[in-house]
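# Notes for the structure review
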Amino acid sequence: MIDFIKIKISDEALINQVWNNEILIYEGKSEKRFDDEIKELFTKSYKNLYFTKFQNRLEIKGSLHYFFNGGLHNANDFNIYDCIGTIEQIKELFKLDLYKCKLINLEYGVNINPIIKVDDLVQNLIYHEKRQFTRPTTHFNYKIAGNEAYKQIKAYDKSVQFPKQCFNTFRFEVKTKQAKFINSLGLFTLQDLTENNCYNKLINSLVNEWDNVLLFDKSKQVDEKFYNTNFWEDILKNGNRNKFNNQKKTYYRKLGIDNLHSNIKKRIEQKSNILKSVHIPTNIDLETAQIRISF
């Protein structure tokens, strides 16, 4: 569920303890301007984790999922027990006081196998809340929406990135850009990510973010205006504060209960609950195992 993570340590004794750990590999130094003064930053690494030492803090960032897989990939299911175990492993390696490791950024999400091609699904993602999904690259299998300074929603085809590890796999992910959003979920330190209850908060957040998505479901016969991006843009430009959300509710109501958006939501909920409640080997494909799990 959790992928990328970034934490900050301000305690001087803990900084020195971590920084002087012999398993860290020196990567080099860089320069950054702070209040019209250029200061040197130093970076070390261990596996895919990067440790950057500032004048008054140490930042650690990297993918817990990659770390768990030995730096090879993050294409399989990373259940909550594995995530907690990975944090505990890092804690032991660097003798961390998890309460002193403040959360700055976090990426969390799930991989699902939708009923349609992921390319088609991504193509028909139009808005998250009132922010339009855009492609930051030329690839048609990746879109992102949100506030670059606060929180972003990422949606892409994971199987394009790792074709040998998965097939037609849709990744829906929240990427936080400020500690403010993480704190709003009641998460403040790395210690919080070792508590089972925190994952309920992340799952609820993920489902809520999907609820805010406008997705075209062209398998349904509804008024063509609902599939016209200009229609939605005009509402945002000329409508009152609530018109966009009201029209989106009308659109989903016209699609009926059994629609693509509700189907994806159900799969996100089911996969999230599996990752939360079932302690199974992560190399088992949940949808092709002998004991099948219905999605």
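For the structure itself, consult the block above.
Residues numbered from 1 in each chain as written. Predicted model: local features only at pLDDT ≥ 70, side-chain atom pairs only at ≥ 80, totals over all residues. Heavy atoms only, no water.

Right, let's get into the side chain of T194. Assignment of secondary structure puts T194 in the loop between α6 (179–184) and α7 (196–211). Among all residues touching T194, those that are not within four sequence positions of it are I84, I87, E88 and L98. (Helix = DSSP H or I, 4+ residues; strand = E, 2+ residues; numbered from the N terminus. Contact = heavy atoms within 4.5 Å.)

What the second largest pocket holds in volume is close to 240 Å³. For the second largest pocket, the lining is made up of 14 residues, of which N74, K154, Y156, K158 and Q161 are closest to its centre. If you list the elements that add at least two residues to the lining of the second largest pocket, you get β1 (2–9), β10 (151–157) and α5 (158–161). Residues that form the lining of the second largest pocket fall into these classes: five nonpolar, four polar and five charged. (1 Å grid on protein atoms, 1.4 Å probe; cavity = no way out; pocket = protein on both sides within 12 Å on 5 of 7 lines; lining within 4 Å. Points joined across faces, edges and corners; volume = space filled by probe spheres on them. Nonpolar A, V, L, I, M, F, W, Y, C, P; charged D, E, K, R; others polar.)

This paragraph deals with the pattern of salt bridges. Any two side chains of opposite charge can pair, so long as their charged atoms come close to each other. Overall, the coordinates contain 11 salt bridges when judged by the stated rule. Residue K29 pairs with E40 through a salt bridge whose shortest N-O separation is 3.1 Å. Residue K29 is found in strand β2 (residues 25–34), and its partner E40 is found in strand β3 (residues 37–46); the two are separated by 11 residues along the sequence. Residue K29 is classed as exposed on the basis of its relative accessible area, which comes to 54%. For E40, a relative accessible area of 31% corresponds to the partly exposed category. Across the pair D211 and K265 runs a salt bridge, and its minimum N-O distance is 3.1 Å. Note that D211 is positioned in helix α7 and K265 in helix α10 (residues 260–277), a separation of 54 residues in sequence. A relative accessible area of 30% places D211 in the partly exposed class. (Salt bridge = Lys/Arg side-chain N within 4 Å of Asp/Glu carboxyl O. Buried < 20%, exposed > 50% of the residue type's maximum accessible area, 1.4 Å probe, protein only.)

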